[in-house]
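# Understanding the architecture of this molecule
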Amino acid sequence: MDPVFVPMSSSGLPAGSRLSTYLTNRRGAETADPSGDLASLNLEPALSRASGPAPSLPHSASTPSFASFNPARAAFGVRRDLLNGSPPDAVKTGDDGAEASSLFQEHVGGTTYYFTAEEAAAQKSAEPPTVPAPFTAYVTPPPQVAPGRGAGSASLLGAARAPAGFFASDELREQILKQQSLMLVHPNPQAYPELPTEVDSYHELCPLEPPGPLQKSALFNCVTSVYKATNVKTGQCCCLRRIHGMRLANTNSLQTVAQWRKLSHTSLVALREFFTTKAFGDNSVVMVYDYYPGAETLMARHFSQPPQLNGFADPFQDPSIPRPYSAQKNAVLRQKNALMPEALIWGYIIQLSGVLRQIHAAGLACRVLDPTKILVTGQDRLHVNACGVLDVLLADSGNTNSMMMVQHYQQEDLVGLGKLLLALSCNSVLAVQPDNFNTSISIVERHYSADLKAVIMNLLVPNGGRQRSINDVMPMVGARFYQQLDASHRLCDRLEDELGREVQNGRLFRLLAKLSAITERPELNLDGAWAETGDRYMLKLFRDYVFHAVTEEGRPFLDMAHVVQCLNKLDAGSSDKVCLMSRDLQNVLVTTFSELKQCFERSFRELFEASLAKDPPGA
């Protein structure tokens, strides 16, 4: 799609030219009015239709569009010899005929301006090396995010697509709308009759778990529930994790919670608040975390229910029956197709090792490296959830000091990471069972690199009693870290490109909102004909020209390029002319976008002042 250029002012002078700068400095507030305008440049059309010529528009004049300008064009009244540095012919002045100081003259719009050679040289030396373009533009995507650029570019935001249109991609828009809709869901009162309307400073509670009988968590050894709620003070959606039937016996857990609240990492679901409540009808402890709409657990993403066998249990129950070769081959193929790509596993290793490094450096332990407590958002973003719950439970028990056990729990984190990687590599939670350890390692050897096996073995197998650290994993990752960094940068480039498509749309929306508030208004200040007279009438005709145009055959002319171009010209105050015609074909007005902009600003200013009036009209 060709770029759409919109001039920023109605002045015929190019911004930053020597004459324009000189006139501004010499005449102060006086503005040059050159006879040549942008309409005389005979420029290329800025917005072209997708295919074929654009149909003719009734009620419209032939208006050239914007492309680019040449500062040396004579239409701007700037002489080539002045732009090239050579002064024009000098004018001698003096009463006695003696030689006086040389003055140079320039004719612009019927007015003659005089200046000296020193002033011309000073203006030339003060010229910037580059001049910003006096227009805004809808441009095509940059080459680094063009479709097909890079091997992994198509998988970041979905399949590669053609760079067309003024809006963000359908995939990204659908993803954002889905997340926003999940933040606005409300529970069914019949399904949750005992749900409180407000808990502390949170309301609009909505359970994030399906209804059913409450069961103890295998990881926490207590009954927990998770809710989405809205903070009444900030309006932000948060995740409330409730621990049922728990009364704090001491304040030891507050210190641990304070440490967790200081942590911030992209792969960590941050802990925001901690309080006790009786709003649920019992003594409950509530821990407030960040809410990720649309997130799913690692268990739901990669481990099916019931878990896949992947060689850990033989479907041929009777070992005396020989296994057919075809069955063996099909089993191997099914297992190979079910395994995860190694690049994805390395991406998980980098994210999990990074968040563990942050947690361990703060003197804490994660203790929740379980597939049911790790959230997945987007393609492969991981977020460790429910951190600090076990610390609160252990600190409240009073049996032992959790801070003294930090090093032990950190070693358990490394083992838990190794088990998680082994289960992901084999695509089965049965892989971490002791009886299946040798089979699991053999699967890793056959289908993955030796580096991945080395990482798993280093995390699971003790190394002579030596104290291990999460930093030992970093050298094993090696250059794969740069691949993940490159993928993240590509994703940022794509998101910036998607954002750039919507930047100009916000400006045009504000323009449309103001225009809609002016046109077809029933009355203003007890004047029922306000919207049909003066400046408002011209804006009404312009609205019909933009949105109600028809072709020569009488069919509606629906061209987004026409709408965007006209709105941009209005916003910029272009000097291009436009022919407006009333619906009854009795009134024809030929005006410029600059005059329309002045009408637009005066009408909205009048409307805005009326909205601020203290006394109502006629009071």
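Quick look at the structure, then. All values reported here derive from a predicted model rather than from experimental measurement. (Residues numbered from 1 in each chain as written. Predicted model: local features only at pLDDT ≥ 70, side-chain atom pairs only at ≥ 80, totals over all residues. Heavy atoms only, no water.)

### Some thoughts on the overall build of the chain
Along the backbone of the chain there are 17 helices and 16 strands. Within the chain, buried positions represent 40% of all 619 residues. If you take every contact in the chain between residues at least 6 apart in sequence, the share linking residues at least 24 apart comes to 67%. Split by element, the accessible area of the chain, about 33,500 Å² in all, is 53% carbon and sulfur. (Helix = DSSP H or I, 4+ residues; strand = E, 2+ residues; numbered from the N terminus. Buried < 20%, exposed > 50% of the residue type's maximum accessible area, 1.4 Å probe, protein only. Contact = heavy atoms within 4.5 Å. Areas by Shrake-Rupley, 256 points an atom, 1.4 Å probe, with all protein chains shown as cover.)

### A closer look at the pattern of salt bridges
Per the stated rule, a full pass over the model turns up 17 salt bridges. For Arg555, the salt bridge identified is with Glu553, shortest N-O distance 3.9 Å. In terms of burial, Arg555 and Glu553 fall into one category: exposed. Because the salt bridges share partners, they merge into one network encompassing Glu520, Arg543, Asp544 and Arg583. (Salt bridge = Lys/Arg side-chain N within 4 Å of Asp/Glu carboxyl O.)

### Here's the deal with the pairing of strand β7 (residues 202–207)
Note that strand β6 (residues 198–199) and β7 share two bridges and pair antiparallel. If you follow Glu198 over to β7, its bridge partner there is His203. Examined bridge by bridge, β7 and strand β8 (residues 224–231) share four bridges and lie antiparallel to one another. Across the sheet, His203 pairs through a bridge with Thr230, a residue of β8. (Pairing = 2+ DSSP bridges.)

### A closer look at helix α15 (residues 534–547)
Residues separated by three or four positions in an α-helix point in the same direction, a consequence of the helix having 3.6 residues per turn. Its 14 residues give α15 an end-to-end C-alpha distance of 21 Å, which sits within 8% of 20 Å, the value for a rise of 1.5 Å per residue. The buried fraction of α15 is high, at eleven of 14 residues. Within α15, the full set of buried residues consists of Asp535, Arg536, Met538, Leu539, Lys540, Leu541, Phe542, Arg543, Asp544, Tyr545 and Val546. Structurally, α15 contributes buried residues whose contacts are with α14 (480–518), α16 (560–572), β15 (577–581), β16 (588–592) and α17 (593–611). (Expected span 1.5 Å × (residues − 1).)

### Considering the sheet that holds strand β12 (residues 296–297)
Pairing in this open sheet of three strands is antiparallel, and the strands run β12-β13-β14 from one edge to the other. Among the strands making up the open sheet, the edge pair consists of β12 and β14 (381–384). When β12 meets strand β13 (residues 374–377), the two strands line up antiparallel, connected through two bridges. Paired with Glu296 across the strands is Val376, a residue of β13. Against the sheet, helix α8 (residues 342–361) makes contact with β13 and β14, and its axis sits at roughly 30° relative to β14, the strand it touches most. (Axes fitted to C-alpha atoms, helices over the stretch in contact; angles between N-to-C directions.)

### Considering α17
The end-to-end C-alpha distance of α17, which contains 19 residues, comes to 27 Å, matching closely the 27 Å that a straight helix rising 1.5 Å per residue would cover. All of the buried residues in α17 are Phe593, Ser594, Leu596, Cys599, Phe600, Ser603 and Leu607. Among the structural elements, α14, α15, α16, β15 and β16 are those in contact with the buried residues of α17.

### With respect to the packing of α8 against helix α10 (residues 406–426)
Relative orientation of the contacting elements α8 and α10 amounts to 170°, with a least axis distance of 11 Å. Looking at the two axes, α8 sits roughly antiparallel to α10. Between α8, through Ile345, Tyr348, Ile349, Leu352, Leu356 and His360, and α10, the contact on the second element is made entirely by Gln410, Asp413, Leu414, Leu417, Leu420, Leu421, Leu424 and Ser425. Looking at the contact of α8 with α10 residue by residue, the class counts come to ten nonpolar, three polar and one charged. (Parallel < 35°, antiparallel > 145°, perpendicular 65-115°, else oblique. Nonpolar A, V, L, I, M, F, W, Y, C, P; charged D, E, K, R; others polar.)

### Examining the pairing of strand β9 (residues 237–243)
The buried fraction of β9 amounts to seven of the seven residues, a majority that puts the element mostly inside the structure. The two faces of β9 match: Cys237, Cys239, Arg241 and Ile243 on one face and Cys238, Leu240 and Arg242 on the other face are all buried. Here β8 runs beside β9; their pairing, made up of seven bridges, is antiparallel. When the bridges of β9 are listed, Tyr227 appears paired with Leu240. Counting the residues that bridge the hairpin from β8 to β9 gives five residues, and of these Gly235 lies at a positive phi of roughly 75°. As paired elements, β9 and strand β11 (residues 284–290) share six bridges and run antiparallel to each other. Bridged to Ile243 within β11 is Val285.

### Examining a nonpolar patch on the surface
On the surface, Phe481, Tyr482 and Leu485 cluster together to form a nonpolar patch covering roughly 320 Å² of accessible area. On the secondary structure map, Tyr482 appears in helix α14. By relative accessible area, which is 59% here, Tyr482 ends up exposed. (Patch = residues over 30% accessible without salt bridge, like charges linked within 9 Å, V, L, I, M, F, W, Y side chains within 5 Å.)

### Quick notes on the nonpolar core
One finds Ile349 and Ile359 to be the most contacted residues of the largest nonpolar core, which totals 67 residues. Broken down by element, this core gets its largest block of residues, nine residues, from α8. Setting aside anything within four residues of it in sequence, one finds Ile349 in contact with Leu421, Leu452, Val455, Val473 and Val477. Judged by nonpolar contacts, the second largest core, of 26 residues, contains Leu508, Leu515, Trp530 and Val564. (Core = buried A, V, L, I, M, F, W, Y, C linked by side-chain atoms within 4.5 Å.)

### A look at unusual backbone geometry
Even without being glycine, Glu204 reaches a positive phi, approximately 55°. Residues other than glycine seldom take positive phi values, yet Glu520 does so here, at roughly 60°. Examined against the element boundaries, Glu520 turns out to sit in the loop between α14 and α15.

### What to know about the packing of α10 against helix α11 (residues 437–447)
The packing of two helices is summarised by the inter-axis angle and the distance between the axes. In the contact formed by α10 and α11, the axes pass within 9 Å of each other and the chain directions differ by 65°. Once α10 is placed against α11, the crossing between them reads as left-handed. Residues Leu422, Ser425 and Cys426 of α10 touch α11, and the partners they reach there are Phe437, Ser440, Ile441, Ile443 and Val444. Split into classes, the residues belonging to the contact of α10 with α11 amount to six nonpolar, two polar and no charged. (Left-handed = near helix turned anticlockwise from the far one by under 90°.)

### Section: the environment of Gly416
Looking at the secondary structure, you find Gly416 in helix α10. The buried category is assigned to Gly416, whose relative accessible area is 17%. Distance from Gly416 to Val432, taken between C-alpha atoms, is 9.9 Å for residues 16 residues apart in sequence.

### Quick look at the packing of aromatic side chains
By the definition in use, this model includes four aromatic pairs. Aromatic pair Tyr202 and Phe275: ring centres 6.2 Å apart, planes at 10°, arrangement stacked. One end of the pair, Tyr202, is in strand β7; the other, Phe275, is in strand β10 (residues 271–277), with 73 residues separating them in the sequence. Each of the two residues, Tyr202 as well as Phe275, counts as buried. Ring plane angle 90° and centroid distance 6.1 Å describe the contact between Phe542 and Phe593, whose orientation is recorded as edge-to-face. Here the residue Phe542 occupies a position in helix α15, and Phe593 occupies one in helix α17, the gap between them amounting to 51 residues. Looking at Phe542, the relative accessible area reads 0%, which means it is buried. (Phe/Tyr/Trp six-rings, centres within 6.5 Å; stacked < 30°, edge-to-face > 60°.)

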